[in-house]
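# Breakdown of the fold
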2 protein chains.
Amino acid sequence: MTTMKEIAERTGVSVSTVSLVLNGRDAGRVKPGIASKVRKTAEDLGYRPNPLARSLRTSKTKILGFISDEIATTPYAGRLILGAQDAARSMGYMLLTVNTNGDVELERHEISTLKQYDVDGFLYACMFDRAVDPPDSLEPLPTVLLDGTDKRGRLASIVPDEHRIGYDATRRLIEAGCRSIAYIGAGGEDLPKVSGQVIADRYPADVLREQGYLDALHEAGRETDPDLMIRVSFNRPALDAVSDLFDRKRPDGFVCFNDARAWYVYLCAAQRGLTIGRDVSVVGVDNHRLVSDTLAPELTTVDLPHYEMGYWGTLKLVSIIEHRTPDDAALPGTRSPLPDLSETNAMIHCTLLERHSVADPAR
Amino acid sequence: MTTMKEIAERTGVSVSTVSLVLNGRDAGRVKPGIASKVRKTAEDLGYRPNPLARSLRTSKTKILGFISDEIATTPYAGRLILGAQDAARSMGYMLLTVNTNGDVELERHEISTLKQYDVDGFLYACMFDRAVDPPDSLEPLPTVLLDGTDKRGRLASIVPDEHRIGYDATRRLIEAGCRSIAYIGAGGEDLPKVSGQVIADRYPADVLREQGYLDALHEAGRETDPDLMIRVSFNRPALDAVSDLFDRKRPDGFVCFNDARAWYVYLCAAQRGLTIGRDVSVVGVDNHRLVSDTLAPELTTVDLPHYEMGYWGTLKLVSIIEHRTPDDAALPGTRSPLPDLSETNAMIHCTLLERHSVADPAR
DNA sequence: TTGTATGCGTTATCAT
DNA sequence: ATGATAACGCATACAA
């Protein structure tokens, strides 16, 4: 690890000069000849600043704390983490990740530890796009919520556009010529739970996707039929409910909340000798990547590139925490900055790719 | 964030004394009265050392770099990361996670960045338990491989006990009274790939689970039958192959490499009016948690608690990197330490939970 | 038994 | 235009 000191020695200047040059603060302060010489030897030696030592002075580590509860164990979490990492890297940040297993006490401790490591801010990963009440101990560091919104409306958040998912899926079936399109949602005992606690009577994603389904039908001038919309949980009851729907309404298109629900459609179709993709069409969000991995392309026409794994497929987190002075221009492509969240004039800039939306408390 | 300085001021001693006491180096060097006073005010102020500042002197950050390629996007990765984090936390480490997307150039850069952050060592996460050739740039920091082994036999690694998975699954069906047990493996175009490149002609996990299946049968005095063992990929060809097996051999038990393969068994059974759990039994590794989430317990008897999500369910990574002097006693429950891997007398201690095994180059 | 001095790599202030 | 120098929080050799 080459240091500024070495560069200074090799160039025959002082460390201060090296610091000035390498931080781009040499305009009119360091002779251009010297400056370029410093830059060259830095390059030659492969110099990279030590962010930890730097943080001792600046108290900016370029490290973000990534906090997740159970999310880390779910199949979609990987891509969430991936997106966050990609975004962080592209802006020169690193992610220090912890998980709390839904344990409040542990969470408190982990947050404290992250602060110990002088993180510049937090990424707080939730589930189900639900309204959460993030712990006060996150303050005063800037924080962005992922797949969840702040109950108190203080923190910025990034959530997928669930309505659009339901809408697009339904459009697809309409355009494919389906005449009778069903919606298979989640229900029964399958309720959104966080560490064993039921936190709502329906999955927010299910509600929104269903609404997208309804809106697409309306927009196309179709009738909507409550009998075509069911909510099932798992196992035999779910299979029975879907079977009943098959025989009672004979739909030729299915919008499924997720692959778990699509599963029963496949089984029912198989039991009746129907072929998916010919006799009936199924579109659903493939949380687990199982349907698309195993039955596509022949048996299904699942193709929702903008969501991919459904929940978090292309959610590229590009919300990042930057400390800037208030008079800095907003970064290109960003939305209006949020109000300051710390004494150091910290601001949060949120940018959004694809069709995911960002909740901006400032509006 | 309270510092040693504050404690020193409040206690009326110097920072050095505080440092001595708080690091437990006060035996016979600091008056017990002073020492306890220091400890008390440290407690009162909620002092926690700044590991970054400390690292400037000790060059030990208590941070481990967690490097993964595509693994982060797969469904089982979440639990791997979880296990690593839990283990790290329990030993006072944090994880700085990066992903390389299988890009060698990016990998080089990320490793360099991690070194910049002065990580104490690396966790190098692989896939498929394959033999890999980790980049030289990891050196000289101690490194542990996850779900992969070192081609050159230098690095320690942790891998799941795949043979045991196949063995247990088969035993279960034998004990359930199945008379004809099939093995559905992976084959065809479904080859282990890393960033698009085929890296073997079969999944190592598949090979090992299949061997476990064979060994369980032999041990039970059963005949093995090559016709009962097939390897399928996806879609129609897979379905056709399983259908053929169903009709040709009429097995009443199935050991499936993974849930994707079990899927076809379910479909075939449904098409024939057979009920899983009564007419035929299926045991498989549920990578995606879809089978167990949706069809258990009524339709399946999948119950392999020691593997849970199959690959990485209970793989609690407790292999951790510790810098210790050579004369330190081995930690309780650890295996024999590996040879030093750096100039600083670094050693790697590996402990193992459940039935996963650790490859120990020192043996 | 305790305090002082020094250094880790960096930034920032202030002389020169 | 450049270079000492101090400071960030901590550890440690050495002086007292």
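All figures in this text were calculated on a predicted structure; none of them were measured in a lab.

Another aspect to go through is the protein's contact with DNA strand D. As a matter of local geometry, DNA strand D sits amid 26 residues, with Gly28(A), Lys31(A), Arg57(A), Tyr47(B) and Arg54(B) nearest to it. The sugar-phosphate backbone supplies 67% of the atoms of DNA strand D found within 4 Å of the protein. Side-chain polar atom of Thr17(A) to a phosphate oxygen of DNA strand D: 2.8 Å apart, as the coordinates give it. With respect to DNA strand D, the side chain of Asn23(B) contributes an N or O atom lying 3.1 Å from a phosphate oxygen. Of all the secondary-structure elements, those providing two or more residues to the surface near DNA strand D are α2 (15-22) and α4 (51-58) of chain A together with α2 (15-22) and α4 (51-58) of chain B. For the surface near DNA strand D, the element with the highest residue contribution is α4(B), accounting for 5 residues. Among the residues making up the surface near DNA strand D, the classes are represented as 9 nonpolar, 11 polar and 6 charged.

All names here are of chain B. Scanning the entire structure with this criterion turns up 0 disulfides over all chains. Note on Cys256: no disulfide assigned, nearest cysteine sulfur contributed by Cys268 at a separation of 11 Å. A relative accessible area of 2% means that Cys256 is categorised as buried. Using a relative accessible area of 0% as the deciding quantity, one classes Cys268 as buried.

Looking now at the confidence of the model for chain A. Residues and elements named next belong to chain A. For chain A, the mean per-residue pLDDT works out to 74, and 74% of the residues sit at or above 70. Mean pLDDT values for the elements of chain A range from 19 in strand β13 (residues 346-349) up to 96 in strand β9 (residues 229-232). Counting contacts from residues 292-363, a segment whose pLDDT is below 50, to residues more than four positions away or on other chains yields 195 contacts.

What follows is about the UniProt feature "domain: HTH lacI-type" (unreviewed entry) in chain A. As recorded in UniProt, the feature "domain: HTH lacI-type" (unreviewed entry) lies at residues 2-58 of chain A. In residues 2-58 of chain A, the share of helix is 65% and the share of strand is 0%. The end C-alpha atoms are 20 Å apart.

Attention now goes to α4(A). Residue pairs three or four apart in sequence face the same way in an α-helix, which turns once every 3.6 residues. Considered for burial, the residues of α4(A) that qualify are Pro51(A), Leu52(A) and Ser55(A). With its buried residues spanning 95° around the axis, α4(A) presents them on a single face. Each element contacted by the buried residues of α4(A) is listed here: α4 and α6 (104-116) of chain B. Just beyond α4(A), the residue with positive phi is Ser59(A), at close to 50°.

Near DNA strand C you find 26 residues, and of these Tyr47(A), Arg54(A), Ser16(B), Lys31(B) and Arg57(B) are the closest. In DNA strand C, atoms within 4 Å of the protein come 65% from sugar and phosphate. Interatomic distance of 3.0 Å between a backbone N/O atom of Asn50(A) and a phosphate oxygen of DNA strand C. In the environment of DNA strand C, a phosphate oxygen lies 2.3 Å from a nitrogen or oxygen atom belonging to the backbone of Lys31(B). At the level of secondary structure, the elements contributing two or more residues to the surface near DNA strand C comprise α2 and α4 of chain A together with α2 and α4 of chain B.

Turning our eyes to something else, we now look at the pattern of salt bridges. Inspection of every chain in the model, using the stated rule, returns 28 salt bridges over all chains. Between Asp26(B) and Arg39(B) there is a salt bridge whose closest N-O contact spans 3.0 Å. With Asp26(B) in the loop between α2 and α3 (32-44) and Arg39(B) in helix α3, the pair connects residues that are 13 residues apart, well separated along the chain. Residue classification places Arg39(B) among the partly exposed residues on the basis of a relative accessible area of 40%. In the salt-bridge network here, residues are joined through shared partners; they are Arg202(A), Asp206(A), Glu210(A) and Arg231(A).

Rules used in this analysis
Residues numbered from 1 in each chain as written. Chains lettered and ligands numbered in written order. Predicted model: local features only at pLDDT ≥ 70, side-chain atom pairs only at ≥ 80, totals over all residues. Heavy atoms only, no water. Near = heavy atom within 4 Å. Polar contact = N/O pair within 3.5 Å; in protein donor to acceptor, adjacent residues only side chain to side chain. Helix = DSSP H or I, 4+ residues; strand = E, 2+ residues; numbered from the N terminus. Nonpolar A, V, L, I, M, F, W, Y, C, P; charged D, E, K, R; others polar. Disulfide = S-S within 2.5 Å. Buried < 20%, exposed > 50% of the residue type's maximum accessible area, 1.4 Å probe, protein only. pLDDT = per-residue confidence, 0-100. Contact = heavy atoms within 4.5 Å. UniProt positions renumbered as here; feature names shortened; annotations may be inferred. Arc of directions from axis to C-beta. Salt bridge = Lys/Arg side-chain N within 4 Å of Asp/Glu carboxyl O.

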